[in-house]
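# Topology and contacts: notes
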Amino acid sequence: MPSRFAAKESVGYYATWTLGARLAEPLNISGWIFEATFERWAADPEAFTLEMAASDADQGFRIFNPVARQITCRILPATLAGISDTTGRFTMLADLLATPPGADRFFIADLELTIVRGPTA
């Protein structure tokens, strides 16, 4: 899975990530819950949190293939456009956290999201 990725403000972000791709043993992530809060700095008032999405069109995480440890991550353009920043390019950081059924939440990865403003054409 990428720890660094970029999103164009006008189109958002959508990708499928494989968790623990280097693990030799199989791991089924069925029923796991994923969460990440993206912020430019600690206590950023414009931070946003991605949680589990209800559908493919919703913002958040969805389990794509539990046996292959694949999840999707979707960030809607409106979320990125709602962050006040006039630099044209800025970075937000997050910790990807996972909660397996009946277990405590734990850290999966550091995430670095670069947001690029401006038209797509």
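Located above this text is the structure these notes cover.
Attention in this report is confined to the structure presented alongside it. (Residues numbered from 1 in each chain as written. Predicted model: local features only at pLDDT ≥ 70, side-chain atom pairs only at ≥ 80, totals over all residues. Heavy atoms only, no water.)

Let us look at the environment of Leu96. On the secondary structure map, Leu96 appears in strand S7 (residues 89-99). On the basis of relative accessibility, which here comes to 0%, the residue Leu96 falls in the buried class. (Helix = DSSP H or I, 4+ residues; strand = E, 2+ residues; numbered from the N terminus. Buried < 20%, exposed > 50% of the residue type's maximum accessible area, 1.4 Å probe, protein only.)

Bringing the nonpolar core into the picture now. In terms of nonpolar packing, the biggest core is built from 27 residues, with Trp17, Phe34, Phe38, Phe48, Phe61 and Leu113 touching the most fellow members. Among the secondary structure elements, those contributing two or more residues to this core are strand S1 (4-8), strand S2 (13-18), strand S3 (33-38), strand S4 (48-50), strand S6 (70-75), S7 and strand S8 (106-116). At five residues, S7 tops the list of elements feeding residues into this core. (Core = buried A, V, L, I, M, F, W, Y, C linked by side-chain atoms within 4.5 Å.)

Our focus in this paragraph is the sheet that holds S2. The three strands are arranged S2-S6-S5 in an open sheet whose pairing can be described as antiparallel. The sheet is open, and its two borders are formed by S2 and strand S5 (60-65), each paired with just one other strand. Strand-to-strand twist across the sheet, computed as the mean angle between neighbouring axes with direction ignored, equals 25°. Of the strand pairs in this sheet, S2 and S6 are connected by six bridges, and their pairing is antiparallel. Looking at the pairing, Thr18 lines up with Gln70 of S6. (Pairing = 2+ DSSP bridges. Axes fitted to C-alpha atoms, helices over the stretch in contact; angles between N-to-C directions.)

This part is about unusual backbone geometry. With a phi close to 65°, Ala43 is a non-glycine residue in the positive phi region. If you trace the backbone, Ala43 turns up in the loop between S3 and S4. Under the relative-accessibility criterion, Ala43 is labelled exposed at 70%. We note that Arg69 has phi near 60°; this positive angle belongs to a residue other than glycine. Here Arg69 shows up in the loop between S5 and S6.

Pairing between S3 and S7: three bridges, direction antiparallel. When the sheet's bridge partners are listed, Phe34 is paired in S7 with Ala98. Across 10 bridges, the pairing between S7 and S8 is antiparallel. Pairing of Met92 across the sheet is with Leu113, part of S8. Counting the residues that bridge the hairpin from S7 to S8 gives six residues, and of these Gly102 lies at a positive phi of roughly 70°.

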